[in-house]
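What follows is each chain in one-letter form.
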Amino acid sequence: QVHLVESGGGLVQAGGSLRLSCRASNGRVIINPMAWYRQAPGKQREEVASIVNGDSTNYADSVQGRFTISSDKARSTLYLQMNSRKPEDAGIYFCKGRALGWGHAYWGQGTQVTVSS
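None of the values given here were measured: they were computed from a predicted structure.

Turning next to the environment of Tyr 106. Structurally, Tyr 106 is set in strand E10 (residues 106-107). On the accessibility criterion, Tyr 106 (23% relative accessible area) is partly exposed. Sequence spacing of Tyr 106 and Ile 30 is 76 residues, and the spatial spacing of their C-alpha atoms is 11 Å. Filtering out sequence-adjacent residues up to four positions away, Tyr 106 remains in contact with His 3, Leu 4, Cys 95, Lys 96 and Gly 97. Of the polar contacts made by the side chain of Tyr 106, one reaches the side chain of His 104; its length is 3.3 Å.

Most of strand E8 (residues 77-82) is tucked away, with 5 of its 6 residues classed as buried. Where strand E3 (residues 18-24) and E8 come together, 6 bridges link them in antiparallel fashion. By the bridge assignment, Ser 21 is partnered in E8 with Tyr 79. Relative to E8, strand E7 (residues 67-71) runs antiparallel, the two being bridged by 5 bridges. By the bridge assignment for E8, Thr 68 is matched with Gln 81. Hairpin connection from E7 to E8: 5 residues lie between these consecutive antiparallel strands, with Arg 75 at a positive phi of about 60 degrees.

Take the pattern of salt bridges next. When charged atoms on two side chains of opposite charge get close, those side chains can pair. For the coordinates displayed, the defined rule picks out 4 salt bridges. Arg 38 serves as the salt-bridge partner of Glu 46, at 2.9 Å between the closest nitrogen and oxygen. Note that Asp 55 is salt-bridged to Arg 75, the shortest N-O span being 3.4 Å. A residue pair is termed long-range when its members are at least 10 positions apart, and Asp 55 in the loop between strand E5 (46-51) and strand E6 (57-59) and Arg 75 in the loop between E7 and E8 qualify at 20 residues.

With an omega dihedral of 0 degrees, the bond running from Asn 32 to Pro 33 counts as a cis peptide bond. Of note, Pro 33 is situated in strand E4 (residues 30-39). Positive phi values are uncommon outside glycine, yet Asn 26 reaches one of about 60 degrees. You can see Asn 26 is positioned in the loop between E3 and E4. One non-glycine residue, Ser 84, lies in positive phi territory at about 50 degrees. In this structure, Ser 84 sits in the loop between E8 and strand E9 (91-99). By relative accessible area, which is 39% here, Ser 84 ends up partly exposed.

The rules behind each value
- Residues numbered from 1 in each chain as written.
- Predicted model: local features only at pLDDT ≥ 70, side-chain atom pairs only at ≥ 80, totals over all residues.
- Heavy atoms only, no water.
- Helix = DSSP H or I, 4+ residues; strand = E, 2+ residues; numbered from the N terminus.
- Buried < 20%, exposed > 50% of the residue type's maximum accessible area, 1.4 Å probe, protein only.
- Contact = heavy atoms within 4.5 Å.
- Polar contact = N/O pair within 3.5 Å; in protein donor to acceptor, adjacent residues only side chain to side chain.
- Pairing = 2+ DSSP bridges.
- Salt bridge = Lys/Arg side-chain N within 4 Å of Asp/Glu carboxyl O.

Written out as structure tokens, the structure reads:
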């Protein structure tokens, strides 16, 4: 069964912006910490942004100042706003986390992002 569903991936021009969404099934409330990861072909999956207890945010050095992680008011959807996109930002993006009613955290299925020049 699907617990977390990413969307919003696609093609974006270098320097452009794109927002990814990660929706918990059945509108369940997402519990911190939640995080976004990405994986480029041939590379290790890496965490790019997270929301931790107290709603503090953390970012990888490579995306600091360009990406913003957030959630909606109902806390059923996680977002990743990506600005000033670079070619190296291309890859499959995954969300990971837990929502109310879940016994543990889950990975989303991933959404692919391509950056064009």
